[in-house]
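# Descriptive structure summary
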Amino acid sequence: MNRFARRIGRASARRPWVTIAAWAVALLFVLPLAGTVGGSFVDDLVAPGSQSEEAMELLEERFPEASGGSAMAVFAAPEGQRLERHQPAIDTAVARIAEVGQVATVTDPFTAGTLSPDGRIGFAQITFDVPPMDVGPRQIDALTGAIDPVREDGVVAELGGDAIFINAETPTSGAEAAGLLTALIILVVAFGTMVAALVPIALALVAVAAGLGSITLLANVMDVSTAAPTIGAMIGLGIGIDYALFIVARYRENHAAGQDNPTALSNAMGSSGAAVLFAGGTVVVAMAALALTGLGFLTSIGLSTSLVVLFAVATALTLLPALLSLLGDRIHKGGRLGRKRRAKRPEDTAWWRFAHRVSGRPWPYLIVASTALLALAAPALRMETGFPDAGNDATTTTHRRAYDLLAEGFGPGFNAPLLVVADLRSPGVDAQDIPALSERIAADPGITMVGEPQTSAAGDTVVLTTLPTTAPADAETSATLERIRDLVPDNVAVSGMTAMTDDLTRQLAVTLPVFVGAILVASFLLLMLVFRSIAIPVKAVVMNLLSIGGAYGVVVAVFQWGWLGALFNLEGTFPIASPLPTIFFAVLFGLSMDYEVFLLSRVREEYDATGDNTESVARGMAATGRVITSAALIMTVVFLSFVANPSPLVKMMGLGLATAIALDATIVRMVLVPATMALMGRATWWLPHRLERRLPRVSVDSADVPPQPDPALAPTSGSS
C-alpha cells in the first residue's frame, strides 16, 4: 500500500501542472453537468417487506387516486376573526393551486367543511397525481406562490402535509463558513505558516465541490436522501482537511529532519499517504455498509458520503503532491518554521513524557478514562427513537408552522393520519363488513376519528382514513398503530406516512445489530491485516465502541432529556431520530479508525526499529500527538458549526460527531491506547505463525520507502 501511494504521489509531483489541469477539467465537467442533468433529492421512506409498503403498492396498482401524494394549504385568520372574512382571497389561492402541475385535486375549505370549530383555521386538501416522494421542487415553489394572495390579505398561509415535509430542502445556517475560518486559524497555529494552512482548506473545498456535484448526478439514477448533501459536506470538510494535514505535517517533519523536498515528499507519501489511503478506504467501507440495512434512504446516504470521501482521498494523493512540488520551500516559510531548524527530539515533547507517565501507571489511567466514557454513555441506555416529523423541524419552516396550526385547530393526531386499506379480493372482510370494521377501529381509545370509506372504481379496494389522538412521533401513536393492526383481519393493512416511518424505525432496530456486527468484523480483519496483530484490532473495536457510546449518551442527554438545550437553541425535547444511531455508527467508526491508523502506523514504525513496546508508543505519540490533536480539533469545530443549523436533525448529527471525535482524539488515543498497550506489552503485536504466513502483506508504514532522493521528484522551479 505504501508503494502504491508513493507511486501515485511521484507521478503527480513529476507533472504538477498536468495534475492540476486534470482536476480543473474534472470540476468544470462535473459541476455544470450536475446543474443541468442532476436529479433532485428525495427520501425513500419505504421499509421493504413491511405492511405499509404492501398497502401502498396495492393502492398504486388498484386505487392510484388514493396513493398519490398529499399536501395542505393551511390558513389562519388573525385572533378574534373567522376565515369567512377572507374568503375571496382564499378562493383565488385555491384556483391558482388547481393550476399547478402534478396537482390532481384541491378542495375548498368552505365547501368541504375543513374549518376548525372556531372558524379561525382551515385548510385546502391538495392531492397530487404522483407519490409524495415524486413531488418536485418546482411544484412546491409554485404552490408557495399560489397562496400569496391570502398572505397579502393579512391571513397566515402555510404549506404542510407529507409531500411538503418529505421534499423540503435542509436549511443552512451559514455557520459552516465560520467553522472553516476557525479551522484555518488552527492550521496556522499548528503549522506557523499561512501557505501550509491554506493548502488543506483548499483541498477540502475541492473534494467537497466534486463530491456534491457527483451526489447530484447520482440523484439522477437513484433516489438520494435530502440529508445526503449535508452529511456529505460535513464529512468531506472534516476529513478533507485532516487527510491533507497529516501528509503536509509529515512532509514538513521530514524536511525539518534534514531531507530535501523531493525526498521529504516521497517519504511522506509512502507513510502518511499510505495511511490516508487505508483510512479513507475504511471510511468508505463503513459508509457503504449502510446498504446492509436494506433501506433506500440510508443506502443513498452511505453511497453519497463514500463519493465525497473518495474525492478527499484522491485530492490528498494526487492534487496535494502536485501543489507541494510547485510550492517548494514556500510551504516551510513563515512564522517559527520559516527558518532552518533541527528536528525536535521525541524526549523533548510533552506527548512523550505523558505517554511514559501513563505507561508507568496504566491501571489508574485505564480505570479513570474508561469510567468517564461509560458515564457519558450511560444515558444511551434510555434512548428513545422515533422518526422525525414536521413537528421536530425548526419553526422557520413553512411545514412546521402548518403542522402547529393544524394541531391547534384540529388536534395533534390530525398530523398523523393512518390509511386502513382493505383488499376485498382476498379472504377476510368484504364490502358489507366495512361499517363494522370502521366501528371497531373507532372504538380504540387512541383513535379520534375514522373517515368515510373510499372505494376504488373496480370496487375491490377500500380505504379508511383514520386519525389517532396523538402526534406522529409520539410513542402512543406507535402503540395505537400496533393495536389497530392486531384487530384487523388478514386482508386489511395499515399504511400512510406515520405507519411507514414507524415501520422504518422497527426495521432499523432489527438491522442495527447486523450492521454493527458487519462493520466490526470488517474493521477487525483490516486492522489485523495491516498491523499483523490480534490485540490491536480487538483494542480498536472496544475503544471505538466506548467513544461512540459516549457520543450517543451526550446526544440523548441534550436532545431527549433537554440538558443544556438553551445552549444549542433547542425549542424543546426530541426523540432521537431513528436513522441517526445507524448513521452515527458508520460515520464515527470510520472516522475514529483514521486516528487509530495514523497513530498506530507510526507506533509500528518505531516498534520495528526498536523492539521496545513502551518506547515505541511514546515515540509514536510524540510524533503524531500534535497533528492528531489539531486534526481532531479541526474536525470537531467543523462538526460543531452544523449545530447552528436550524434543523434539529442536523444539530443531532453535528453534536454527536463532534463529541465522538473529541473523545476519540483525547481520552481514547492519548490515555487508553498507551495504558492498554503498556499492559499488553509485547503481546500487543502477537499473531499466530500459521496465520502470519497465510495473510497477504499490506503495509502503511515507511519501511520500504527509500531514504535517498528520488530522481523522478526533481526540484521544480518553485523550489529553492
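Summarised in this report is the structure supplied together with it. Going along each chain's sequence as written, the residues are numbered from 1 onward. Local features are withheld for residues below a pLDDT of 70 in this predicted model, meaning they are given only at 70 or higher, and side-chain atom pairs are given and counted only at 80 or more; totals for whole chains, interfaces and linings count all residues. As a rule here, side-chain values cover all heavy atoms of the structure and leave hydrogens and water aside.

## Here we look at the sheet that holds strand S1 (residues 70-76)
- Pairing between two strands requires that DSSP report at least two bridges joining them. Runs of E in the DSSP output that reach at least two residues are strands. Runs of H or I that reach at least four are helices, and both are numbered from the N terminus. Strand order across the open sheet formed by 4 strands is S2-S3-S1-S4, with antiparallel pairing between neighbours. Each having just a single partner strand, strand S2 (103-106) and strand S4 (156-160) make up the two edges of the open sheet. Ignoring strand direction, the axes of neighbouring strands in this sheet form an average angle of 20 degrees.
- As paired elements, S1 and S4 share 5 bridges and run antiparallel to each other. Looking at the pairing, Val74 lines up with Glu158 of S4.
- With respect to the sheet, helix H17 (residues 398-410) is in contact with S1, strand S3 (121-128) and S4, its orientation differing from that of S4 by roughly 105 degrees. Helix axes are fitted only over the stretch in contact, all axes being lines through C-alpha atoms; the angle between N-to-C directions runs from 0 to 180 degrees. Here a residue-residue contact requires only that any non-hydrogen atoms of the pair lie within 4.5 Å.

## Side note on the packing of helix H21 (residues 535-560) against helix H24 (residues 648-680)
- Contact geometry for H21 and H24: axes closest at 7 Å, N-to-C directions at 145 degrees. Once H21 is placed against H24, the crossing between them reads as right-handed. Left-handed describes a crossing in which the near helix is turned anticlockwise from the far one by less than a right angle; the clockwise case is right-handed.

## Some points on helix H2 (residues 16-37)
- Helix span is expected to be 1.5 Å times the residue number reduced by one. When the terminal C-alpha atoms of H2 are compared, their 31 Å separation across 22 residues agrees well with the 32 Å that a helix rising 1.5 Å per residue should span.
- Among the residues of H2, Pro16, Thr19, Trp23, Leu27, Val30 and Ala34 are the ones counted as buried. All buried residues of H2 fall inside an arc of 80 degrees around its axis, so they share one side. Looking at H2, the residues exposed on the side facing more than 90 degrees away from the buried face are Trp17, Val18, Val25, Leu28, Phe29 and Thr36. The classification of residues rests on relative accessible area computed with a 1.4 Å probe and restricted to protein chains. Under 20% of the type maximum is buried, over 50% is exposed, and intermediate values are partly exposed. For this quantity, the arc is that covered by the directions from the helix axis to the C-beta atoms.

## Here we look at a negative patch on the surface
- Patch membership requires more than 30% relative accessible area and the absence of a salt bridge. Residues of like charge join within 9 Å; the nonpolar side chains Val, Leu, Ile, Met, Phe, Trp and Tyr join within 5 Å. To measure how exposed things are, a 1.4 Å probe is used in the Shrake-Rupley method; for residues, cover is taken only from the protein chains shown. Basic side-chain nitrogens of Lys or Arg form a salt bridge, by our definition, when they fall within 4 Å of a carboxyl oxygen of Asp or Glu. Charge counting treats Lys and Arg as positive and Asp and Glu as negative, with His and both chain ends excluded. Where a charge lies is defined by one atom per residue type, namely NZ (Lys), CZ (Arg), CG (Asp) and CD (Glu). A contiguous patch of negative charge, built from Glu54, Glu57, Glu60, Glu61, Asp134 and Asp223, is present on the exposed surface.
- You can see Glu57 is positioned in helix H3 (residues 51-62).
- Exposure remark for Glu57: the relative accessible area of 45% places this residue in the partly exposed category.

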